[in-house]
Amino acid sequence: TQLLEQSPQFLSIQEGENLTVYCNSSSVFSSLQWYRQEPGEGPVLLVTVVTGGEVKKLKRLTFQFGDARKDSSLHITAAQPGDTGLYLCAGAGRSSGSARQLTFGSGTQLTVLP
Amino acid sequence: KAGVTQTPRYLIKTRGQQVTLSCSPISGHRSVSWYQQTPGQGLQFLFEYFSETQRNKGNFPGRFSGRQFSNSRSEMNVSTLELGDSALYLCASSLILGRTNTEAFFGQGTRLTVV
């Protein structure tokens, strides 16, 4: 059983379209991070959200942490081919776990077609 | 500031052999975690070291072990390799943000292939 469920698993869209990726859990996390990973490389940290209800923007990317700190979303506006990659959410500080042990979602493979 | 450095980038080993992977964290980071990434299971936590002590361990067999040195560099070892150990092994260097928050920065990983 995945502690963090990501959806959709695969997403293929045209350049210029908008999209949202969801990360849901029944567990409460102290913080949640979003990463993007290219093939054969390590995940690159995009953002950390800490406060329930928090919204952070990174250029065309908008990240939101749910009020109950159990879920998060990533919205990309006007997607570009350079946004292509595997998007991973990861929770830290789960109520029954260590703050330094990240629990990862299964990932969303995004392909943006030119 | 240099990022997380993992060596080697690629390894091919035979079943039954053992392997040692190395990780140098970001300067000043004292927490190092290891993760295994496979297509079927995704990213799974192996263990975490902080101040040369293993603090947390994931659900992996005892063939997987690690250690951390006084300069925070870490190594992980896998003994008696199995085909299923083929994976991308990722090291994360963590900045501790208070008591309950962690921000992890990953290396490029070591691609291990067991034949």
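Quick note: structure is the one above.
Source: prediction; values computed, not measured. (Residues numbered from 1 in each chain as written. Chains lettered and ligands numbered in written order. Predicted model: local features only at pLDDT ≥ 70, side-chain atom pairs only at ≥ 80, totals over all residues. Heavy atoms only, no water.)

Some thoughts on the overall build of chain A
The helix and strand inventory of chain A stands at zero helices and eleven strands. Moving toward the C terminus, one meets the helices and strands of chain A in the order β-β-β-β-β-β-β-β-β-β-β. Looking at chain A as a whole, 48% of its 114 residues are labelled buried. For chain A, the share of sequence-separated contacts (at least 6 apart) that also reach a separation of at least 24 residues comes to 56%. (Helix = DSSP H or I, 4+ residues; strand = E, 2+ residues; numbered from the N terminus. Buried < 20%, exposed > 50% of the residue type's maximum accessible area, 1.4 Å probe, protein only. Contact = heavy atoms within 4.5 Å.)

A look at the overall build of chain B
Scanning chain B from terminus to terminus reveals zero helices and eleven strands. Its helices and strands in sequence order give chain B the pattern β-β-β-β-β-β-β-β-β-β-β, from N to C terminus. Relative to a compact globule of 115 residues, whose C-alpha radius of gyration would be 13 Å, chain B shows 14 Å and is just as compact. Oriented by its inertia axes, the alpha-carbon framework of chain B measures out at about 40 × 25 × 25 Å. Every one of the 115 residues in chain B was classed for burial, and the buried ones make up 50%. Carbon and sulfur atoms form 47% of the exposed surface of chain B, whose accessible area is close to 5500 Å². Of the side chains in chain B, 12 bear a positive and 6 a negative charge, and the two mean positions are spaced by 2 Å. (Rg over C-alpha atoms; globule rule 2.2 N^0.38 Å. Areas by Shrake-Rupley, 256 points an atom, 1.4 Å probe, with all protein chains shown as cover. Lys, Arg positive; Asp, Glu negative; His and termini not counted. Charge placed at Lys NZ, Arg CZ, Asp CG, Glu CD.)

A closer look at the environment of Arg15(B)
Residues and elements named next belong to chain B. By secondary structure assignment, the location of arginine 15 is in the loop between β2 (10–13) and β3 (19–24). Residues arginine 15 and arginine 73, 58 residues apart in the sequence, show an inter-C-alpha distance of 27 Å. Beyond its immediate stretch of four places on either side in the chain, arginine 15 contacts Leu81, Glu82, Leu83, Val114 and Val115.

Description of the pattern of salt bridges
Taken as a whole and judged by the stated rule, the model has eight salt bridges over all chains. Across the pair Glu41(A) and Arg9(B) runs a salt bridge whose closest N-O atoms are separated by 3.8 Å. Here Arg9(B) lies in the loop between β1 (5–7) and β2 and Glu41(A) lies in the loop between β4 (31–37) and β5 (44–49), a pairing that spans two chains. Glu75(B) is the salt-bridge partner of Arg67(B), the closest N and O atoms lying 3.3 Å from each other. Accessibility expressed as a relative area gives 46% for Arg67(B), which makes it partly exposed. One network of salt bridges, with partners in common, ties together Arg63(B), Glu82(B) and Asp85(B). (Salt bridge = Lys/Arg side-chain N within 4 Å of Asp/Glu carboxyl O.)

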